[in-house]
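# Fold and geometry: a report
Here is how the chains run, residue by residue.
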Amino acid sequence: EPGGLKGLAKRFLLKRLFSRVSAFLSVGTGNSRFYAAYGVPQEKIFRAPYTVDNDFFLSRAGSLASERVPLREREGISPDLPVVLFCGKFSGVKRPMDLLRAFQRLGDDPKASLVFVGDGPLRVEMQQYVAKHGLRRVHFLGFRNQSELPACYALADVLVLPSGFEPWGLVVNEAMCFGLPVIASDEVGAAPDLVHDGVNGFVFPAGNVELLADRLRRVLLDEDVRQRMGAQSRGMIEHWGINETVRGILQALDYATAQHR
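All values reported here derive from a predicted model rather than from experimental measurement.

### As for the overall build of the protein
Secondary structure summary: the protein contains 12 helices and 8 strands in total. Its C-alpha atoms give the protein principal-axis dimensions of roughly 65 × 45 × 30 Å. Expressed as a percentage of the 261 residues in the protein, the buried residues total 49%. Counting only contacts in the protein whose residues sit at least 6 apart along the sequence, the fraction spanning at least 24 positions is 66%. Accessible area for the protein stands at about 12800 Å²; split by element, carbon and sulfur atoms hold 52% of it. Of note, the protein has its 32 positive side-chain charges centred 7 Å away from the centre of its 29 negative side-chain charges.

Structure below.
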């Protein structure tokens with residue numbers, strides 16, 4: 001929130017605007033809290049989840065389930081070790097260096113592979129860091145378009161999103177369709193709704209590399225934990241899709257038209 005006169009102006013204008021709105025669509029918990037902070041009554045807020053095409057990703061998860069080892073071998077990734085995945089832009093706000101430093105802290109306890117999918121201004125710095133510290137089993141797969149992402153999720157064991165600012169983070173939705181545990185920072189908008197701490201992953205304070213390393217270790221050390229958390233992710237995302245979004249929109253329309261009449 002801006003301070004001073006800007007903050008006062010924002011609150012005045014948004015409250016005035018919101019008082020003229022019949023119904024509000026909320027993509028998640030953070031969005032609902034935002035509306036409530038500006039005086040919107042709860043009965044006017046309707047959940048319309050921020051979603052991906054679950055059917056597409058769930059279908060691809062099924063078709064790629066038996067391709068895990070070939071997909072890893074194709075990218076030069078060990079087929080026998082758990083794989084940590086980062087998928088996004090290599091920028092300061094996404095904080096990929098935090099993940100790299102946390103992975104460094106793990107050493108070989110346990111052994112794992114770290115895969116970065118994407119590109120961006122920090123790529124050279126990240127690669128130099130890997131070389132300088134002699135980090136092993138770190139792979140840069142480069143930019144992949146939407147049709148190529150399912151193969152990246154299929155070869156992974158856990159998704160990490162360490163962002164310092166992330167209004168939502170749709171990679172969380174996508175990874176959950178592949179039954180992956182998720183470790184996300186508390187600045188990821190999807191976290192309150194889709195990452196239940198200790199259930200299907202972990203939430204950690206953004207920038208806390210030590211805690212991120214600890215959460216990584218807890219997931220990577222125990223395959224049963226990964227399987228259990230992954231199953232929870234899959235079950236949760238099946239109820240966070242386009243059908244739920246449509247239902248929320250229709251409920252909002254019914255409410256708004258009833259109030260108008």
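Anyway, onward from the coordinates.
### Re helix α10 (residues 209–221)
Here α10 spans 18 Å end to end across 13 residues, near enough to the 18 Å set by a 1.5 Å rise per residue. For α10, every residue scored as buried is listed here: V209, L212, A213, R215, L216, V219 and L220. Projection of α10 onto a plane perpendicular to its axis shows the buried side chains occupying an angular sector of 165°, all on one side. Across α10 from its buried face, at more than 90 degrees, point the exposed residues E210 and L221. On its buried side, α10 packs onto β3 (83–87), α5 (96–106), β6 (158–161), β7 (182–185), β8 (201–204) and α11 (223–237). Between the side-chain oxygen at the start of α10 and the backbone nitrogen of E210 there is a gap of 3.4 Å, and the oxygen is on N208.

### Some details on the pairing of strand β4 (residues 113–117)
Along β4, 5 of the 5 residues are buried, which leaves the element largely enclosed by surrounding structure. Here β4 shows no split at all, with S113, V115 and V117 on one side and L114 and F116 on the other all buried. Where β3 and β4 come together, 5 bridges link them in parallel fashion. Bridge pairing in β4 places C87 opposite V117. Once you follow β3 into α5 and on to β4, the crossover reads as right-handed. The pairing of β4 with strand β5 (residues 138–142) spans 4 bridges and is parallel.

### Some details on the packing of aromatic side chains
Summed over the entire model, instances satisfying the criterion amount to 18 aromatic pairs. Ring centres 5.6 Å apart and planes at 55° place the aromatic pair F86 and F116 in the tilted group. Of this pair, F86 sits in strand β3 while F116 sits in strand β4; the two residues are 30 residues apart in sequence, bridging distant segments of the chain. Across the pair, exposure class does not vary: F86 and F116 are buried alike. Chaining the aromatic ring pairs together yields one cluster made of F18, F24, F34, Y35 and Y38. Across the ring face of Y38, the terminal group of R11 is positioned such that the distance to the ring centre comes to 4.7 Å. One residue, R215, lies across the ring of F202, its end atom 5.5 Å from the ring centre.

### A short note on the sheet that holds β7
Taken in spatial order, the 6 strands make up an open sheet running β5-β4-β3-β6-β7-β8, and their pairing is parallel. Looking at which strands have only one partner, the edges of the open sheet turn out to be β5 and β8. Across the sheet, the axes of successive neighbouring strands diverge by a mean angle of 20°, strand direction being ignored. Docked against the sheet, helix α8 (residues 170–177) engages β3, β6 and β7, running at close to 175° with respect to β6.

### Quick word on the nonpolar core
Among the nonpolar cores identified, the biggest contains 39 residues, and V117, Y153, L159, V172, F178 and L194 are the most heavily contacted of them. The biggest single contributor to this core is α8, with 5 residues. Ranked by size, the runner-up nonpolar core spans 32 residues in total, among them L99, F204, L212 and V219.

### Concerning a nonpolar patch on the surface
Together, L25, I242, V246, I249, L250 and L253 make up an exposed nonpolar region whose accessible area comes to about 490 Å². Within the fold, I242 resides in helix α12 (residues 242–260).

### A closer look at unusual backbone geometry
Note that the residue after D109, namely P110, is joined by a cis bond; omega there is 0°. With respect to the helices and strands, the residue P110 is situated in the loop between α5 and β4. In the Ramachandran plot, R137 falls in the positive-phi region, its phi being about 65° despite a non-glycine side chain. Among the structural elements, R137 can be located in the loop between α6 (123–132) and β5.

Criteria and cut-off values
- Residues numbered from 1 in each chain as written.
- Predicted model: local features only at pLDDT ≥ 70, side-chain atom pairs only at ≥ 80, totals over all residues.
- Heavy atoms only, no water.
- Helix = DSSP H or I, 4+ residues; strand = E, 2+ residues; numbered from the N terminus.
- Buried < 20%, exposed > 50% of the residue type's maximum accessible area, 1.4 Å probe, protein only.
- Contact = heavy atoms within 4.5 Å.
- Areas by Shrake-Rupley, 256 points an atom, 1.4 Å probe, with all protein chains shown as cover.
- Lys, Arg positive; Asp, Glu negative; His and termini not counted.
- Charge placed at Lys NZ, Arg CZ, Asp CG, Glu CD.
- Expected span 1.5 Å × (residues − 1).
- Arc of directions from axis to C-beta.
- Polar contact = N/O pair within 3.5 Å; in protein donor to acceptor, adjacent residues only side chain to side chain.
- Pairing = 2+ DSSP bridges.
- Right-handed = clockwise from strand over helix to strand, strands pointing away.
- Phe/Tyr/Trp six-rings, centres within 6.5 Å; stacked < 30°, edge-to-face > 60°.
- Lys NZ or Arg CZ within 6 Å of the ring centre and 35° of its normal.
- Axes fitted to C-alpha atoms, helices over the stretch in contact; angles between N-to-C directions.
- Core = buried A, V, L, I, M, F, W, Y, C linked by side-chain atoms within 4.5 Å.
- Patch = residues over 30% accessible without salt bridge, like charges linked within 9 Å, V, L, I, M, F, W, Y side chains within 5 Å.
- Salt bridge = Lys/Arg side-chain N within 4 Å of Asp/Glu carboxyl O.

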